[in-house]
Amino acid sequence: MELEYERRARDDAETEKTELEASLNHLKMILIKELDKNDELTKQWDEALRQREEAGRLQRNTAIQMQKGMMPSFVSSSVAFALFLFHKCRNKIKGDSKNEQDCSNGDYIL
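Assigned secondary structure in the chain consists of three helices and zero strands. In sequence order, the secondary structure elements of the chain are arranged as α-α-α. By the burial criterion, 7% of the 110 residues in the chain qualify as buried. For the chain, the accessible surface area stands at approximately 9900 Å², while carbon and sulfur atoms represent 58% of it.

Shown next, in the form of structure tokens:
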């Protein structure tokens, strides 16, 4: 009777050990997946920062080229029109009634 009790206890312990190992392996798989997701999100974040820096660099280069008069006329006219719209919207937000006067002289300084 005592031997039977020990055998059952040993079998139960083995079963629990197997279940714990399975649970541990499952948790390891979940952890690996989460780490992979984190790596992917980190890569996406780095790419977004790189694109933002590149856009800022391009904007600064465009502004420098415009100041030096090196921009092609179609780019200059597009930028001038965008600045005109920007000033018009800014003045509308500020409540200025002289939208047309602010931009008519060609001064598009931000």
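We are not done yet, so read on.
So, about the pattern of salt bridges. Summed over all chains, the structure comprises six salt bridges. Where Arg 7 meets Asp 11, a salt bridge forms, and the shortest distance between an N and an O atom there is 3.0 Å. In this pair, Arg 7 and Asp 11 both sit in helix 1 (residues 2-68), four residues apart, roughly one turn of the helix. By relative accessible area, which is 39% here, Asp 11 ends up partly exposed. Linked by salt bridges that have partners in common, Glu 4, Arg 7, Arg 8 and Asp 11 make up one network.

Before going further, it helps to spend a moment on the confidence of the model for the chain. Per-residue pLDDT for the chain averages 79, and the proportion of residues at 70 or more is 78%. The secondary-structure element of the chain with the lowest mean pLDDT is helix 3 (residues 99-104), recorded at 46, while helix 1 shows the highest, at 90. Low pLDDT (under 50) marks residues 99-104, which in the prediction has eleven contacts with non-local residues, meaning those over four places away or in another chain. In the predicted structure, residues 106-110 sits below a pLDDT of 50 and forms eleven contacts with residues beyond four places in sequence or in another chain.

The rules behind these values
Residues numbered from 1 in each chain as written. Predicted model: local features only at pLDDT ≥ 70, side-chain atom pairs only at ≥ 80, totals over all residues. Heavy atoms only, no water. Helix = DSSP H or I, 4+ residues; strand = E, 2+ residues; numbered from the N terminus. Buried < 20%, exposed > 50% of the residue type's maximum accessible area, 1.4 Å probe, protein only. Areas by Shrake-Rupley, 256 points an atom, 1.4 Å probe, with all protein chains shown as cover. Salt bridge = Lys/Arg side-chain N within 4 Å of Asp/Glu carboxyl O. pLDDT = per-residue confidence, 0-100. Contact = heavy atoms within 4.5 Å.

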